[in-house]
Amino acid sequence: MPTLLIVHHTPSPNLQAMFEAVVSGATTDEIEGVTVVRRPALAATVPDVLAADGYLLGTTANLGYMSGALKHFFDQIYYPCLDATRDRPFGYYVHGGSDVSGTVRGIESITTGLGWSQVSAAVTVTGEPTKADLEACWELGATVAATLL
């Protein structure tokens, strides 16, 4: 059974709402046969990444970049997973107070280096997530999970 690994840094109610919408989409009854594993970014390990068939990443935009927790995750897994995870599908979501462009650039640079394949547009939100933003998060989770079937 394919496995989707959701790696997230969720320090706020806004990110919690986005995370829950992503999980809801990834675990919808319409998608059978995908195991969804959730790990906080500081707890995700190389074995987690190697055991997964696809990835969903979630982070805050902090000081113009991804959270330190997600950056730490990438620092830990980059070289050990570089060859073994090439071409695996992924998607991501970002929440920030005003500007998320540096975070987007950082995530896309690292995942390009890993050779991962982005299968859905990123969901980027500034301020409080709207109903449409949460629906986009749900779609993101469902899309990435469905790609593993």
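Structural data are supplied above this passage.
What comes next concerns the included structure. What you are looking at is a predicted structure, and each value in this text was computed from that prediction instead of being measured. (Residues numbered from 1 in each chain as written. Predicted model: local features only at pLDDT ≥ 70, side-chain atom pairs only at ≥ 80, totals over all residues. Heavy atoms only, no water.)

1. Describing the overall build of the protein chain
Check the secondary structure of the protein chain and you find five helices and seven strands. Ordered by position in the sequence, the α and β elements of the protein chain form the string β-α-β-α-β-β-α-β-α-β-β-α. Considered along the principal axes of its C-alpha atoms, the protein chain spans approximately 35 × 35 × 25 Å. Sequence separation of 24 or more characterises 85% of the internal contacts of the protein chain that already satisfy a separation of 6 or more. Summed over its atoms, the accessible surface of the protein chain is roughly 6700 Å², and 52% of this surface lies on carbon and sulfur atoms. (Helix = DSSP H or I, 4+ residues; strand = E, 2+ residues; numbered from the N terminus. Contact = heavy atoms within 4.5 Å. Areas by Shrake-Rupley, 256 points an atom, 1.4 Å probe, with all protein chains shown as cover.)

2. Observations regarding helix 5 (residues 131-147)
Because an α-helix completes one turn every 3.6 residues, residues spaced three or four positions apart along the sequence face the same direction. Between its terminal C-alpha atoms helix 5 stretches 24 Å, which fits the 24 Å expected from 17 residues at 1.5 Å a residue. Those residues of helix 5 that sit buried are C137, L140, G141, A142, V144 and A145. Turning to helix 5, the residues buried within the fold contact strand 1 (3-8), helix 1 (13-26), strand 3 (54-62), strand 5 (89-96) and strand 7 (123-126). (Expected span 1.5 Å × (residues − 1). Buried < 20%, exposed > 50% of the residue type's maximum accessible area, 1.4 Å probe, protein only.)

3. Describing the pairing of strand 1
The two faces of a sheet get side chains in turn, since along a regular strand they alternate between them. Extensive coverage of strand 1 is indicated by the burial of six of its six residues. Side-chain alternation along strand 1 places T3, L5 and V7 on one buried face and L4, I6 and H8 on a second face that is also buried. Pairing of strand 1 with strand 2 (residues 35-40), which is carried by six bridges, proceeds in the parallel orientation. Considered in strand 2, the bridge of T3 is made with T35. Assessed by its sense of winding, the connection that carries the chain from strand 1 through helix 1 to strand 2 is right-handed. (Pairing = 2+ DSSP bridges. Right-handed = clockwise from strand over helix to strand, strands pointing away.)

4. What about the nonpolar core?
Among the nonpolar cores identified, the biggest contains 26 residues, and L57, L70, F73, F74 and W116 are the most heavily contacted of them. Going through the elements one at a time, strand 1, strand 3, helix 3 (68-81), strand 5 and helix 4 (101-114) are the ones with two or more residues in this core. Ranked by the residues each element gives to this core, the list is headed by helix 3, at six residues. When sequence neighbours within four positions are dropped, the list of residues in contact with W116 reads V49, Y55, L57, F74, I77, T85, D87, R88, F90 and T111. (Core = buried A, V, L, I, M, F, W, Y, C linked by side-chain atoms within 4.5 Å.)

5. Comments concerning the packing of helix 1 against helix 5
The geometry of helix 1 relative to helix 5 is characterised by a closest axis approach of 6 Å and an angle of 40 degrees between their N-to-C directions. On the basis of the axis angle, helix 1 is oblique to helix 5. The two elements helix 1 and helix 5 meet at a crossing, and its hand is right-handed. Taking contact as the criterion, the partners of A17, M18, A21, V22, S24, G25 and A26 in helix 1 are, on helix 5, L134, C137, W138, L140, G141, A142 and A145. (Axes fitted to C-alpha atoms, helices over the stretch in contact; angles between N-to-C directions. Parallel < 35°, antiparallel > 145°, perpendicular 65-115°, else oblique. Left-handed = near helix turned anticlockwise from the far one by under 90°.)

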